[in-house]
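# A closer look at the structure
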Amino acid sequence: MSAVVAMLLLFAMAMAAGCAASPGLNNRTQVIPEDKYIFLEHHVNTNGVTVSGECSPLLMIDFPFYHFDRNKRILTVTVPKGEWVNDSLLMFYGSGESLSGVQGGGERSGAGPVYALPRSIGDMTLDSIMADGTVHFHYQDRQLSLKTGESWENITRVMETRNRPAYSKNCTAEIITTDAFYNAGLMDKKSIVLRVR
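Summary of the structure given here. (Residues numbered from 1 in each chain as written. Predicted model: local features only at pLDDT ≥ 70, side-chain atom pairs only at ≥ 80, totals over all residues. Heavy atoms only, no water.)

Sheet analysis places strand S1 (residues 36–54) next to strand S12 (residues 168–188), joined by 17 bridges and oriented antiparallel. Considered in S12, the bridge of Tyr-37 is made with Met-187. Note that S1 and strand S5 (residues 91–101) share 11 bridges and pair parallel. Counted as the bridge partner of Thr-46 is Leu-99 from S5. (Pairing = 2+ DSSP bridges. Helix = DSSP H or I, 4+ residues; strand = E, 2+ residues; numbered from the N terminus.)

As a working rule, side chains carrying opposite charge can pair if their charged atoms are close by. By the definition in use, this model includes 4 salt bridges. Between Glu-97 and Arg-108 there is a salt bridge, and its shortest N-O distance comes to 2.7 Å. Residue Glu-97 is found in strand S5, and its partner Arg-108 is found in strand S6 (residues 104–114); the two are separated by 11 residues along the sequence. Here Glu-97 falls in the partly exposed class, since its relative accessible area comes to 29%. Residue class for Arg-108 comes out partly exposed when judged on its relative accessible area of 26%. Among the salt bridges present, the one from Arg-162 reaches Glu-160, with a minimum N-O distance of 2.6 Å. Residue Arg-162 is classed as buried on the basis of its relative accessible area of 4%. (Salt bridge = Lys/Arg side-chain N within 4 Å of Asp/Glu carboxyl O. Buried < 20%, exposed > 50% of the residue type's maximum accessible area, 1.4 Å probe, protein only.)

Let's shift gears to the packing of aromatic side chains. Scanning all chains against the criterion turns up 7 aromatic pairs. Look at Tyr-37 and Phe-92: their rings are 6.1 Å apart centre to centre, the planes differ by 80°, and that puts the pair in the edge-to-face class. Highlighted residues: Tyr-37 in strand S1 and Phe-92 in strand S5, separated in sequence by 55 residues. Phe-92 matches Tyr-37 in its accessibility class, with the two residues each being buried. An aromatic cluster of at least three residues, connected via ring pairs, comprises Phe-137, Tyr-139, Trp-152 and Phe-181. It is Arg-70 that lies over the ring of Tyr-182; its NZ or CZ is 3.6 Å from the centre. (Phe/Tyr/Trp six-rings, centres within 6.5 Å; stacked < 30°, edge-to-face > 60°. Lys NZ or Arg CZ within 6 Å of the ring centre and 35° of its normal.)

Encoded structure:
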């Protein structure tokens, strides 16, 4: 449970740091309708595939704090009691990870509101948004731009040898990491479902 609390605290501190570095709400330019917001998702999936030997899953993770239904275009977010979405919301930024195969299983995620730009969160900086829902941002050493419905992904593959008698015997696994962003574009603020924890 302490790992979950630590993850939530780190996410909250990153979000707060972004707020402190961002211009005030009065200084931002409203480029999208006030009843709309943009949902941008960043998700990293790490999948392990056995190449030789006997490989067992390494880790299980849990606690997704948001869910986005792409078909119905509904965002469900779990928020602390007393914390609600402000009318000046520009964007919800969702960040999550999942494990599969012999790397493990499960998913964990967090989502936070963005009220002013630019905004830095970890190794990603949200630079600007356009009236059509396009998002411009920097991620690591890349400058990216995603229109509504567009995705970007980077896939890396690494071979890993494991020899842990309790878990794996002479195991060689290929670790495939898919690092992806998805821009859902303009969404109706009234469609946000808030769940209080």
